Each structure stands twice: as structure tokens, then as C-alpha cells.
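So the chains spell out like this:
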Amino acid sequence: MDTKRSALATLHAQADACRRCAIATTRDKIVCGVGDPESTLMIVGEGPGENEDRKGEPFVGRAGELLTKMLAAIGLSREDVFITNTIKCRASTEENGRVFNRAPMLEEIANCREFLDREIAIVKPRVILAVGAPAAKSFLGAGFGITRQRGIWYAGPAGTDLIVTFHPAYILRLTGGQIDAVKRLVWNDLQAVRRKLDELKQADEVESVDREGRPFQPRPLQEPELKLF
Ligand code: URA
């Protein structure tokens, strides 16, 4: 196993053994990040829901299906990126014998931060896309307002460029004309991510050509077939 994969496997085992929060005893499976550990892009969501808890994998339910479509719209597959969450256990609440997903508590996000930070340190992404307000707040503070402050580049952890967009589960809850309006905003944010990845790639190419002493021949930025998800 390569170094990054074995470091992620160790992290997975340690997160599985963690009992800092009560939800560690109510969840089924621990849900750590998956995807390409060499990826330049890391997606950070809120936390596992029922489907993720059952499977032990992030974003495998309906929100995950939409996230996959959103990535495809900018020419990326799930396997091309690294996908994780702010917390690794399902945050749930029980009412009348039924179990519901709930938003993670600040304390749970703080307790789990070590595991997210270690995923970032292992994968070393250059760009982080935080989806939804809880993920955004965990990086940018409790005062972050997603409506006004999404779609802007911020200095993220460990030298990353960080941008925030709406959570796919939020899009799925919308009705009527709101759906298209919000999808357009998300689409703008996704295109900003695509441009950032292309710029970073081009900058790396310039540097590698310089190191070998050859004159730089700019190649046009690859324009993938972009379409609204
Ligand atoms: N929503 C999230 O934020 N993360 C998941 O893994 C699934 C749904």
C-alpha cells in the first residue's frame, strides 16, 4: 500500500476507535474520506447520513448522487477527487422509536476536527470545496453566512484555496423556481473550482518547463464540455 493510503487506513482505524462523542456509540459505521488521495481537490461535506452510516462511505445517498452529477458537470468523477466530511459519525436523534439525521453539534465538529485535519495533512489538496454551512463554518467561523459568502475564494487550512457552495441536500429540498436559481449559483461556484484547478495545473507546467530550461509554450487551458448539472 502506498504511504498516503496506509496513513489513511491508520486514521480510519483510530477514528473507528474514537469515543469522544456520544454519537460514536449510536452510529453503525465510521465514515472517513474516500477517493483519490493524490487529488488536488478535496470536497468537505457536513456528516454522514443514514445511507452513509450503513455503507461506511461518504455521499452515497441521494445527496451523493447529486454531488456526483455536480462533479461530472465540471469534468470530474467521484474517483478523481477526495470526498470527506467535517464529522465521521452519523449525528442522529431518536423520536418515538425513529432515528433521524440531525446537524452536527459544534462540540462534535470540534472533537472530530483532528481527523479532518489529518486527512488534509495526508492528502495535501490544493483546493477545498466546502459544501453547506456547517462545513463552511468549521473552516471560516460561526459567523459565516452561506447566502452572502459562498462563491468567494478564502485562504483555507494548510495553504489551500477554499470556496463554499450550497449542499446538494439543500438543493434537493428546494421547490419550484428556487431550484433553477440555486443551481445556477452552484454552477457558478463549480466553474470557479474548475478554473482554479486549471490555473494551478498550468502554473505547475510553467514551473516544470522552467526547471528543464526550455522556453515555455503556453497550451490553451483545456475547456471541458461544461453543462449545468
Ligand atoms: N451529506 C453530507 O454532508 N455528507 C455525506 O456524506 C452525505 C450527505
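Here, every reference points to the structure presented above.
Predicted, not measured: the structure shown is a model, and the values here were computed from it.

J.: What exactly am I supposed to notice about the packing of helix α1 (residues 3-17) against helix α5 (residues 106-123) here?
T.: The relative placement of two packed helices is expressed as an angle between their axes plus a distance between the axes. Put simply, α1 and α5 touch, their axes get as near as 10 Å, and they point 175 degrees apart. Classified by the angle between their axes, α1 and α5 sit roughly antiparallel to one another. Across the interface between the two elements, K4, A7, L8, L11, Q14 and A15 from α1 touch F115, R118, E119, I122 and V123 from α5. Counted by class, the contact of α1 with α5 contains seven nonpolar, one polar and three charged residues.

J.: Would you mind going over the pairing of strand β6 (residues 127-131) with me for this structure?
T.: The buried fraction of β6 is high, at five of five residues. Of the two faces of β6, the one holding V127, L129 and V131 and the one holding I128 and A130 are both buried throughout. Bridge analysis of strand β2 (residues 41-45) against β6 gives four bridges, and the strand direction is parallel. Residue L41 lies in a different strand from β6, and its bridge partner there is V127. As defined by bridge partners, β6 adjoins strand β8 (residues 161-165) across five bridges and the pair is classed as parallel. Paired with V127 across the two strands is D161, which belongs to β8.

J.: Hey, could you run me through the layout of surface pockets in this one?
T.: Unfilled space is identified by rolling a water-sized probe across the atoms. Its volume calculated, the largest pocket comes out at about 640 Å³. Around the largest pocket, the lining comprises 29 residues; the ones closest to its centre are E46, A63, H167, A169 and R173. Looking at the lining of the largest pocket, the elements with two or more residues in it are α3 (50-55), α4 (62-73), α6 (133-140) and α8 (168-173). A per-element tally of the lining of the largest pocket places α8 first, with four residues.

J.: Help me understand the side chain of E119 in this model?
T.: Inspection of the secondary structure puts E119 in helix α5. Since its relative accessible area comes to 1%, E119 is described here as buried. Within the structure, E119 has its side chain in polar contact with the backbone nitrogen of G33 (distance 2.8 Å). Those residues in contact with E119 that lie beyond four places of it in its chain are L8, L11, C32, G33, M42, F82, T84, K88 and K124.

J.: Looking at this model, I keep getting lost on the pairing of strand β5 (residues 98-101). Mind explaining?
T.: Looking along a regular strand, one sees the side chains alternate between the two faces of the sheet. Alignment of strand β4 (residues 92-95) against β5, held across four bridges, turns out to be antiparallel. Opposite T93, over in β5, you have F100 as the bridge partner. Counting the residues in the hairpin turn of β4 and β5 gives two residues, including N96, whose phi is positive at 50 degrees.

J.: What should I look at first to understand the sheet that holds strand β3 (residues 82-85) in this one?
T.: Pairing within the open sheet is mixed, and its six strands lie in the order β1-β3-β2-β6-β8-β7. Two strands lie at the open edges of the sheet, namely β1 (34-35) and β7 (154-155), each paired on one side alone. Where β2 and β3 come together, four bridges link them in parallel fashion. Pairing of V44 across the sheet is with T84, part of β3.

J.: Sorry if this is basic, but what is going on with the site of the ligand here?
T.: The environment of the ligand is formed by G45, E46, G47, E52, P58, F59, N85 and H167. Within the side chain of N85, a nitrogen or oxygen atom sits 2.8 Å from a nitrogen atom of the ligand. Between H167 and the ligand, the recorded distance is 2.8 Å, taken from a side-chain N or O atom to an oxygen atom. Computed on the free molecule, the ligand has an accessible area of 230 Å², of which 92% lies beneath the protein chains in the complex. Among the cavities detected, the one that contains the ligand is the largest pocket. When grouped by side-chain class, the residues that make up the shell around the ligand number two nonpolar, four polar and two charged.

J.: It is not clear to me how the nonpolar core should be interpreted in this structure. Could you clarify?
T.: Soluble globular proteins tend to pack their nonpolar side chains together in the buried interior. L41, I43, M70, L129, F139, V186 and F229 are the most contacted members of the largest nonpolar core, which has 60 residues in total. The greatest single-element share of this core, amounting to eight residues, is contributed by helix α9 (residues 177-211). Aside from chain neighbours lying at most four places away, what touches F229 is L66, K69, M70, A73, I171, K183, V186, W187 and L190.

Cut-off values and rules
Residues numbered from 1 in each chain as written. Predicted model: local features only at pLDDT ≥ 70, side-chain atom pairs only at ≥ 80, totals over all residues. Heavy atoms only, no water. Axes fitted to C-alpha atoms, helices over the stretch in contact; angles between N-to-C directions. Helix = DSSP H or I, 4+ residues; strand = E, 2+ residues; numbered from the N terminus. Parallel < 35°, antiparallel > 145°, perpendicular 65-115°, else oblique. Contact = heavy atoms within 4.5 Å. Nonpolar A, V, L, I, M, F, W, Y, C, P; charged D, E, K, R; others polar. Buried < 20%, exposed > 50% of the residue type's maximum accessible area, 1.4 Å probe, protein only. Pairing = 2+ DSSP bridges. 1 Å grid on protein atoms, 1.4 Å probe; cavity = no way out; pocket = protein on both sides within 12 Å on 5 of 7 lines; lining within 4 Å. Points joined across faces, edges and corners; volume = space filled by probe spheres on them. Polar contact = N/O pair within 3.5 Å; in protein donor to acceptor, adjacent residues only side chain to side chain. Near = heavy atom within 4 Å. Areas by Shrake-Rupley, 256 points an atom, 1.4 Å probe, with all protein chains shown as cover. Sits in = over half its atoms within 2 Å of the grid points. Core = buried A, V, L, I, M, F, W, Y, C linked by side-chain atoms within 4.5 Å.

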